[in-house]
Every structure is written in C-alpha cells, then in structure tokens.
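# Close look at the chain arrangement
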Amino acid sequence: MTYEQPTLPYSETALEPVISAETIRYHYGKHEKAYIDNLNRLIKGTEYEDAELEDIIEEADGALFNNASQAWNHIFYFFSFSPDGSREPGGELRKAIDRDFGSFEKFKEAFVEAGAGLFGSGWVWLSRDSDGKLLITQGSNAQNPLRDGLTPLLTFDVWEHAYYIDYKNLRADYLRQLWNIVDWDVVESRY
Ligand code: MN
C-alpha cells in the first residue's frame, strides 16, 4: 500500500497572513511530502507494508516511527486550520476546557507557554485521556500522544521550519497567531 499526501482543504494563500503561501509551499509541499515519501520507502517489504498509520506510530521505532509520526502529525496539524471556521470551541469540548483549564483564555495561554517552552523541535498537544480529562503535553521531534494512550485533539508544530519564514525566531508570536486560524469545529469533531 502507498500512503497518499492529502490535498489541503484550502488554497495556499487562504491562511495568510498567519501562515504565508511560501510557508505552505515549503512546510506542506516539501516537509510533509518528504515524511510521506520516506514512510512509503521505509514500509516496503516490512510487516508494516499494509498497516494503519496509527499502528506504525504505536509500535515502530527509529526512522520508521519518526517518518510515520511526522506524516500523521503534519496531516493533523494542517487539517486543524481553515480561513473561516469557528474561532472558539463550543459544546461539550468547551465545557471540558473550562473545567480542566479554568477558561478558554487560560487554556490558550497554557498551550502557547508549553509550545514556546519546548527546547528544540517538537509539538505541543491538546489531548483527552480515557476518562475524558483534557491534557496539554509537549513532545520532542516526532512525538505523538497516541504512544501514551491519549486521543489527540489539536497540535501546533514548533519545529523552526513551521514558522521561520513568517516569524523568524519568534516562536511565541507564531503560536499566538495560530489561534486566528484554528477551526474549532474540526477540533470538536475529534473530541
Ligand atoms: Mn513541521
């Protein structure tokens, strides 16, 4: 089986000025594509040739894990955004955010702080555990909460390639701007 890179549900200029078309061309067009190409090359002739991506992430190690997880993480990241979605969570997810973080504002602050505070490359995540409790976690490199039995709801990429073209070294500015393009209808559907 061959993994296909999903087409983005918006045009390359649709998220400007938060994420520029140039960043989309590199980050989606080159980085995400490379992880998926590597994944397809690495699974050939292995027990994972016909595996679900999630199973590879939970079981594999080394280059196979890194590329499988980076493929999954990037697809998940880019599908969390839209030019015109809900900019605030509603329903049961909103209730859970208020319950576990105090308020939506406090959640956003804590999420940005976790992303800005991660040393080196990685991801900041909002996930739910098996009891329905929400958690903010950060992980280096290709880390994915699926490895810890959590259900990921939202992630921001904090590898420099995600923001350097548009924000240079200002990672926290990039993270704060992302709130303007998160589609909370998508996040809610994952909850
Ligand atoms: Mn990335």
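Being a predicted model, the structure only gives us computed values, none of them experimental. (Residues numbered from 1 in each chain as written. Predicted model: local features only at pLDDT ≥ 70, side-chain atom pairs only at ≥ 80, totals over all residues. Heavy atoms only, no water.)

### Here's the deal with the side chain of glutamine 143
Worth spelling out the cut-off: Under the DSSP-based scheme used, a helix requires at least four consecutive residues in state H or I and a strand at least two consecutive residues in state E, with every element numbered from the N terminus. To sort residues, take the accessible area from a 1.4 Å probe on protein chains only and compare it with the maximum for the residue type: under 20% means buried, over 50% means exposed, and anything in between is partly exposed. Here a polar contact is taken to be a pair of N or O atoms separated by no more than 3.5 Å, where protein atoms must pair a possible hydrogen donor with a possible acceptor and residues adjacent in sequence count only if both atoms sit in side chains. By definition in these notes, contact holds between two residues if any of their heavy atoms fall within 4.5 Å.
Tracing the backbone through its elements, the reader meets glutamine 143 in the loop between strand 2 (134-140) and strand 3 (151-157). The class of glutamine 143 is buried, set by a relative accessible area of 19%. A polar contact of 3.2 Å, which involves the side chain of glutamine 143, links it to the side chain of tryptophan 125. Residues in contact with glutamine 143, not counting those within four places in the same chain, are Phe65, Ser69, Asn73, Trp123, Trp125, Gln138 and Asp148.

### As for the packing of helix 5 (residues 104-116) against helix 7 (residues 171-178)
Two packed helices can be described by the angle between their axes and the distance between those axes. Using the following cut-off: Angles run from 0 to 180 degrees between N-to-C directions of axes, and those axes are lines fitted to C-alpha atoms, restricted for helices to the stretch in contact. Helix crossings are classified by the rotation of the near helix relative to the far one: an anticlockwise turn of less than a right angle makes the crossing left-handed, while a clockwise turn makes it right-handed. Any residue outside Ala, Val, Leu, Ile, Met, Phe, Trp, Tyr, Cys, Pro, Asp, Glu, Lys and Arg is labelled polar, Gly included; the first ten of those are nonpolar and the last four are charged.
Where helix 5 contacts helix 7, the two axes come as close as 9 Å, and the packing angle between them is 145°. The chirality of how helix 5 crosses helix 7 is right-handed. Where helix 5 approaches helix 7, its residues Val112, Gly115 and Ala116 are matched on the opposing element by Arg171, Ala172, Leu175 and Arg176. Classifying every residue of the contact of helix 5 with helix 7 gives four nonpolar, one polar and two charged.

### Comments concerning the coordination of the manganese ion
The condition is simple: The donor set comprises N, O and S atoms within 2.8 Å of the metal, extended to 3.2 Å for Na, K and Ca; water molecules are omitted, so apparent gaps in a site may simply reflect that omission.
Those protein atoms acting as donors to the manganese ion are His27 (NE2), His74 (NE2), Asp157 (OD) and His161 (NE2), and they sit at 1.9 to 2.1 Å. Of note, the donors binding the manganese ion are all from one chain and are spaced H-x46-H-x82-D-x3-H. Residue histidine 27 is found in helix 1 (residues 21-43), and its partner histidine 74 is found in helix 3 (residues 62-78); the two are separated by 47 residues along the sequence. What makes histidine 74 buried here is its relative accessible area of 0%.

### Observations regarding the domain arrangement of the protein
Condition: An automatic or database domain assignment supplies the start and end points of every domain. Simply put, the buried area is the total loss of 1.4 Å probe accessible area from both parts when two parts are fitted together. Salt bridges are defined as contacts in which a side-chain nitrogen from Lys or Arg sits within 4 Å of a carboxyl oxygen from Asp or Glu.
The domain boundaries assigned to the protein delineate domain 1 (21-78) and domain 2 (91-190). Measuring from the centre of the C-alpha atoms in domain 1 to the corresponding centre in domain 2 gives 20 Å. Each partner contributes residues to the interface: domain 1 has 21 residues there, and domain 2 has 22 residues. Both faces combined, the contact of domain 1 with domain 2 buries some 1,700 Å², and carbon together with sulfur accounts for 60% of it. It is Thr23, Phe76 and Tyr77 in domain 1 that bury the most area against domain 2; as a group they hold 37% of the surface buried on that side. Across the domain 1-domain 2 interface, the total number found is one salt bridge. Where aspartate 61 meets arginine 147, a salt bridge forms, and the shortest distance between an N and an O atom there is 3.2 Å. Residue assignment for the side of domain 1 that touches domain 2 shows that the elements contributing at least two residues are helix 1, helix 2 (53-59) and helix 3. A per-element tally of the side of domain 1 that touches domain 2 places helix 3 first, with nine residues. Within the side of domain 1 that touches domain 2, the residues separate by chemical class into eight nonpolar, eight polar and five charged.

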